[in-house]
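A look at the structure
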Amino acid sequence: MSTVNLAAGQPTADTRSAAVRCRAVTKSYGKGDTMVTALRGVDLDIAKGELMMLVGPSGCGKTTLISVIAGILDRDGGECSVFDNDFAGMSQRRKTLWRGQNVGFVFQAFNLLPTLTAAENVAVPLMILGQSRHAAVKKARDTLAMVGLGDRTHSLPSQLSGGQQQRVAIARALIHEPKLIVCDEPTSALDHETGHIIMRLLKNVALSQERALVIVTHDARIFGFADRIAKMDDGHIEKIVTSPKDLE
Amino acid sequence: MNFVALRMLMGDRLKYVGLVAGLAFAALLVTQQASIFNGYIHRMAAWIRDTGGADLWIMDPQTNHTDDAKRIVDTALQRVRSVDGVEWAVPMFKGFLSARLPDGRLQQVRVVGIDDATMIGGPPRMVEGELADLRGDRAVLVNEADLGKKLIVSESGARRPMRVGDRLDINDNEVRVAGVYAKGPEFFWEPMVYTTYSRALRMAPAQRKQLQFVLAKVRPGADTAKVAADIRAATGLAAYTGDEFAWVTMWYIMIQTGILVNFGITIALGFVIGVLVSALLLYTFMIEQSRNFGALKAMGVTNRAIVRMVAVQVLTVGSLGFGIGVGAAVIGGGVLAKADLAFRMVWQIPLIGAGAILICCLVAGILSLARVLRLEPAIVFKGAT
Ligand SMILES: Nc1ncnc2c1ncn2[C@@H]1O[C@H](COP(=O)(O)OP(=O)(O)OP(=O)(O)O)[C@@H](O)[C@H]1O
Ligand SMILES: [Mg+2]
């Protein structure tokens, strides 16, 4: 880890190895009286090969921040580039295509398509990129084997446990070899032990030198898997720490 | 992504079957009712089509339909003949007379008297005997379809269908069945009996006006519309082509009987309910899928691809529903037609059904696309459902 930066507000100077680089990012929802400011100027750098966790009280803006980073939500102000790509000024269509190439998602609610088998679900990102179903499903079986589900390729999501569904979701987030993987509360629907299995997978299988992982979580039991932890409060990054002990 | 779209659609069997069934029902209702309506319409003017040979039908201007007994004076025949462009013109009698069947029962019959000399205006097809048999003494022709139904003879206690050689009284004139003809089913139901013009006049109560129609042929090369206009000017009567007379008849009956309004309402209701129900089903299906669509959008499915996916889904249930619905209408129609009910599907009718289904699909597709396309992909990070 060459450019780990310990202090918030003093981003790294070496931008070449930065996977995500945010400066003074703002975002609010709604207008007038009902306006809610979710991000009040966020500065954050995430290096390639890094697993960054976002923690903080409910409503502090964690989901909003990863949505902006993943390009599914437009920021209001500030700068943000993801693998040297800036979503501002990109058309909706180009943003969508970029996400399809470069971003893998793991959702709290798994969000697998209920009527597709595990292998077909995992194959979806490749089909989105235009691969034939046959080729996509074939590769999906290999990817499922990587997450330890080689024997459940034909199962429907409803026939799998929560932990297994989340492993399918991780396989789906990996299959097209995206540069960025974003996870929102990937373990909160799972028990402690299963949560650890999922985190080990994310850390050992999903993380690589060319890829960055951002994980939003409340779950203190998995903090140990993080390279760094960014603590958010009320739309700011309060501090960035390397050890969970430093959070308090 | 078509594969994913279809798997999303067919995953929930019950909903999928419900969607297809709803659309099939809409298609069935619309095509079946339209076919029965068309069957009635077709029967209303069946007699005009069955009466070949003439180019123009001349009649009292107030005549509303084929069986409307408004007569004209017989001098009209001469005046029509003298109009330039008329090749020939023949008289025709048509009127309701009461017949006494051999078993003593009374039966209203429609007597058609055709020109003695030329026999123009006769029935389309003879089943037994020949048209020329009308020249025989007291001869009449009866309809095959009435035999054994409305024309029955009791013989030494047993009842049997009327047949050639039987006698009956029409308006106290004894006549003899000289032949049996066949024609297409008609909207009107009283038995139709053919005889010669002069014999018909003898049967009918004497009146100053005797003629029902003059049938005229336009000379080759002459303009039918102009000849008709000249006849109208010369006689003050109405002169229609067969098609025009058919439309006069159809409109009058459709309006008078309420058939138009009734079928119109049924078809419109079938259409509206079918469209509403199936469009609603499709729409709720799409809304239930919105979380899945949201996830797909986040994962890189463009709006263009979403439109294609929704189109594939909607057109799949649409074409299945159309096929099943129209298929059921055709099979059901075969049964109805065997039961002698007016059911007549022409190729335009499935097109109407297809139009109805297409509207369902468009309405549902556009409504749900309006929702799905506006969907923020960011909803995928909102809490679990
Ligand atoms: N679509 C929205 N419309 C209006 N306000 C929103 C919307 N999404 C989020 N917010 C508000 O923005 C703020 C930040 O929300 P966000 O979801 O980013 O918080 P969070 O840190 O992820 O919270 P949690 O831990 O509960 O998931 C909250 O006050 C929230 O109420
Ligand atoms: Mg959140």
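Residues numbered from 1 in each chain as written. Chains lettered and ligands numbered in written order. Predicted model: local features only at pLDDT ≥ 70, side-chain atom pairs only at ≥ 80, totals over all residues. Heavy atoms only, no water.

Residue pairs three or four apart in sequence face the same way in an α-helix, which turns once every 3.6 residues. Residue and element names in this part refer to chain A. For helix α5 (residues 162-174), spanning 13 residues, the distance from its first C-alpha to its last is 18 Å, which sits close to the expected 18 Å at 1.5 Å a residue. The element α5 is largely enclosed, with a buried count of 12 among its 13 residues. Turning to α5, its buried residues are Gly-163, Gln-164, Gln-165, Gln-166, Arg-167, Val-168, Ala-169, Ile-170, Ala-171, Arg-172, Ala-173 and Leu-174. (Helix = DSSP H or I, 4+ residues; strand = E, 2+ residues; numbered from the N terminus. Expected span 1.5 Å × (residues − 1). Buried < 20%, exposed > 50% of the residue type's maximum accessible area, 1.4 Å probe, protein only.)

With that settled, consider the sheet that holds strand β2 (residues 36-47) of chain A. All names here are of chain A. Strands sit in the order β2-β1-β4 across an open sheet of three strands; the sheet is antiparallel. This sheet does not close on itself; its edge strands, each paired only once, are β2 and β4 (77-82). On average, each strand axis in the sheet is tilted by 15 degrees relative to the strand beside it, whichever way the strands run. Judged from the nine bridges that link them, strand β1 (residues 18-29) and β2 form a sheet pairing that is antiparallel. If you follow Thr-26 over to β2, its bridge partner there is Arg-40. Against the sheet, helix α1 (residues 62-69) contacts β1, β2 and β4, and its axis sits at roughly 60 degrees relative to β2. (Pairing = 2+ DSSP bridges. Axes fitted to C-alpha atoms, helices over the stretch in contact; angles between N-to-C directions. Contact = heavy atoms within 4.5 Å.)

All names here are of chain B. Within the secondary structure layout, Pro-205 lies in the loop between α5 (197-203) and β11 (213-218). Assessed through its relative accessible area of 49%, Pro-205 is described here as partly exposed. Spatially, the C-alpha atoms of Pro-205 and Val-4 are 79 Å apart, while their sequence positions differ by 201 residues. Apart from the residues within four sequence positions on either side, Pro-205 is in contact with Leu-97 and Asn-171.

Split by domain assignment, chain B resolves into domain 1 (2-43 + 258-381) and domain 2 (73-236). Here the C-alpha centre of domain 2 of chain B lies 50 Å away from the C-alpha centre of domain 1 of chain B. (Domains from an automatic or database assignment.)

This paragraph deals with the side chain of Thr153(A). Inspection of the secondary structure puts Thr153(A) in the loop between α4 (133-146) and α5. Beyond its immediate sequence surroundings of up to four residues, Thr153(A) is in contact with Thr117(A), Ala118(A), Ala119(A), Arg141(A) and Leu144(A).

On to the site of ligand 1, then. Around ligand 1 sit Tyr29(A), Val36(A), Ala38(A), Ser58(A), Gly59(A), Cys60(A), Gly61(A), Lys62(A), Thr63(A), Thr64(A), His218(A) and Lys382(B), and that is every residue in its neighbourhood. Residue neighbours of ligand 1 fall on chains A and B, so the site bridges chains. In this structure, Cys60(A) approaches ligand 1 through a main-chain N or O atom, which is 3.3 Å from an oxygen atom. Contact with the protein chains removes 65% of the 630 Å² of surface that ligand 1 exposes when unbound. Sorting the residues of the shell around ligand 1 by element identifies β2 and α1 of chain A as the ones contributing at least two each. Residue contributions to the shell around ligand 1 peak at three residues, all from α1(A). Here the shell around ligand 1 is built from residues that sort into four nonpolar, six polar and two charged. (Near = heavy atom within 4 Å. Polar contact = N/O pair within 3.5 Å; in protein donor to acceptor, adjacent residues only side chain to side chain. Areas by Shrake-Rupley, 256 points an atom, 1.4 Å probe, with all protein chains shown as cover. Nonpolar A, V, L, I, M, F, W, Y, C, P; charged D, E, K, R; others polar.)

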